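So you can see what is in the structure, the chains are spelled out below.
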Amino acid sequence: MPKKEGKSKQDDICSEYWLQQPFLIKEFIEKKPDYEQLGQEIAYILQTRLNRDNIAVASITTRSKTLNSFLEKCTRKKYSNPMEDIEDFSGVRVVCLYASDLETVEKVISDELEVVEREDKISNKEVDKFGYNGIHLIARLGKKNAGTRYTNLHKLKCEIQIRTVLQDAWAIIDHHLVYKRESDIPEVIQRKLNRLAASFETADDQFDQIRKQREQYIEEISSAIDSNSLLNARL
């Protein structure tokens, strides 16, 4: 006879909120479609602008917070007003090809949207610490985004993450490997992770240098071709 699976911790949290604060779950469910739409609209706005400016990125993806994730965060953070205090119900992630594009993409976001908060995971990290690097912004639709389609979205906030391909890869692996607190990690593993994080950062720098060298080479070739064309025309 198959063994009956017990309830998970998330199931227990959800059941507790259904019993004690059903109005909170109801409000979340009612607002979730707006947050899903907000993420899709912001992704579309950014993709359109990046295409217009010929700025290539690896990907732009969206996500909205699930009910389980919402309730788990409410329990962990002890918010007094979670529907107002939580700022990442909607999320957009822009994955750049090169580290030097992070600043460019951030300027596009600031131009297209109203940025209300910024956190630089790179600058804020201590020199001997490893882990995820990237830029996190909290933003909402700005004055440029007018029209009836945005009526229900203007006051809502969205978390926008900007990271490179390598930072994205690190974040995905790091999520499965690292402990809840860095202080809990055994030293032997911590040293390995530090070396690996440094390798990822070095690789990002190297890709940027190779990109600059490639652009310089193309520019020199183009200049030489133009000079030869001018010389032949004179002859």
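What you see is a predicted model; the values in this text were computed from it and never measured.

## Some points on the nonpolar core
Judged by nonpolar contacts, the single largest core of 40 residues is most densely connected at I42, F70, V94 and I160. Only α1 (9-20), α2 (22-52), β1 (57-64), α3 (67-77), β2 (90-96), α5 (101-112), β4 (135-141) and β5 (158-164) provide two or more residues apiece to this core. At 10 residues, α2 tops the list of elements feeding residues into this core. Those residues in contact with F70, other than ones at most four positions away along the chain, are L24, F28, K65, P82, M83, I86 and F89.

## So, the sheet that holds β1
Ordered by their spatial adjacency, five strands build an open sheet running β1-β2-β5-β4-β3, and the pairing between neighbours is mixed. Two strands bound the open sheet, and with one partner strand each, they are β1 and β3 (113-120). Taking each pair of neighbouring strands and ignoring which way they run, the sheet shows an average axis angle of 20 degrees.

## Things to note about the packing of α2 against α3
Where α2 meets α3, the closest approach of the two axes is 11 Å, and the angle between their N-to-C directions is 135 degrees. The orientation of α2 with respect to α3, classified from their angle, is oblique. Where α2 crosses over α3, the two elements pack in a sense that is right-handed. Facing α2, whose interface residues are L24, I25 and F28, α3 presents L67, F70, L71 and C74. Classifying every residue of the contact of α2 with α3 gives seven nonpolar, no polar and no charged.

## Concerning unusual backbone geometry
At N54, a position not held by glycine, the phi torsion is positive, near 55 degrees. Take N54: it is sitting in the loop between α2 and β1. Positive phi outside glycine occurs at K78, with the angle close to 55 degrees. Mapped onto the secondary structure, K78 falls in the loop between α3 and α4 (82-85).

## A closer look at the packing of α2 against α5
It is the contact of α2 with α5, at a shortest axis distance of 10 Å, that shows an interaxial angle of 120 degrees. In terms of orientation, α2 and α5 fall into the oblique class. Where α2 crosses over α5, the handedness of that crossing is right-handed. Two secondary-structure elements touch here, α2 through I45, L46, R49 and L50 and α5 through V105, V108, I109, D111 and E112. Looking at side-chain class alone, the contact of α2 with α5 contains six nonpolar, no polar and three charged residues.

## Section: α2
With 31 residues, α2 should cover 45 Å at 1.5 Å per step; its first-to-last C-alpha distance of 46 Å lies within 8% of that length. The largest bend in α2 is about 35 degrees, located at K31, with the proline P33 one to four residues further on. Residue N54 follows α2 closely and has a positive phi angle near 55 degrees.

## Points about the packing of aromatic side chains
Applying the stated criterion across every chain yields a total of five aromatic pairs. For the ring pair F28 and F70, a centre distance of 4.7 Å and an interplane angle of 10 degrees mean the geometry is stacked. On the criterion of sequence distance, the pair formed by F28 in helix α2 and F70 in helix α3 is long-range, its members being 42 residues apart. The exposure class assigned to F28 is buried, which follows from its relative accessible area of 4%. The exposure class assigned to F70 is buried, which follows from its relative accessible area of 0%. Between F28 and F89, the ring centres sit 6.1 Å apart and the planes meet at 50 degrees, which makes this aromatic pair tilted. Taken together, the positions of F28 in helix α2 and F89 in the loop between α4 and β2 put the pair 61 residues apart, joining distant regions of the chain. Each member of the pair, F28 together with F89, is buried. The structure contains a cluster of three or more aromatic residues connected by ring pairs, namely F28, Y35, F70 and F89.

Parameters at a glance
Residues numbered from 1 in each chain as written. Predicted model: local features only at pLDDT ≥ 70, side-chain atom pairs only at ≥ 80, totals over all residues. Heavy atoms only, no water. Core = buried A, V, L, I, M, F, W, Y, C linked by side-chain atoms within 4.5 Å. Buried < 20%, exposed > 50% of the residue type's maximum accessible area, 1.4 Å probe, protein only. Helix = DSSP H or I, 4+ residues; strand = E, 2+ residues; numbered from the N terminus. Contact = heavy atoms within 4.5 Å. Pairing = 2+ DSSP bridges. Axes fitted to C-alpha atoms, helices over the stretch in contact; angles between N-to-C directions. Parallel < 35°, antiparallel > 145°, perpendicular 65-115°, else oblique. Left-handed = near helix turned anticlockwise from the far one by under 90°. Nonpolar A, V, L, I, M, F, W, Y, C, P; charged D, E, K, R; others polar. Expected span 1.5 Å × (residues − 1). Bend = angle between axes of the 7 residues up to and from the residue. Phe/Tyr/Trp six-rings, centres within 6.5 Å; stacked < 30°, edge-to-face > 60°.

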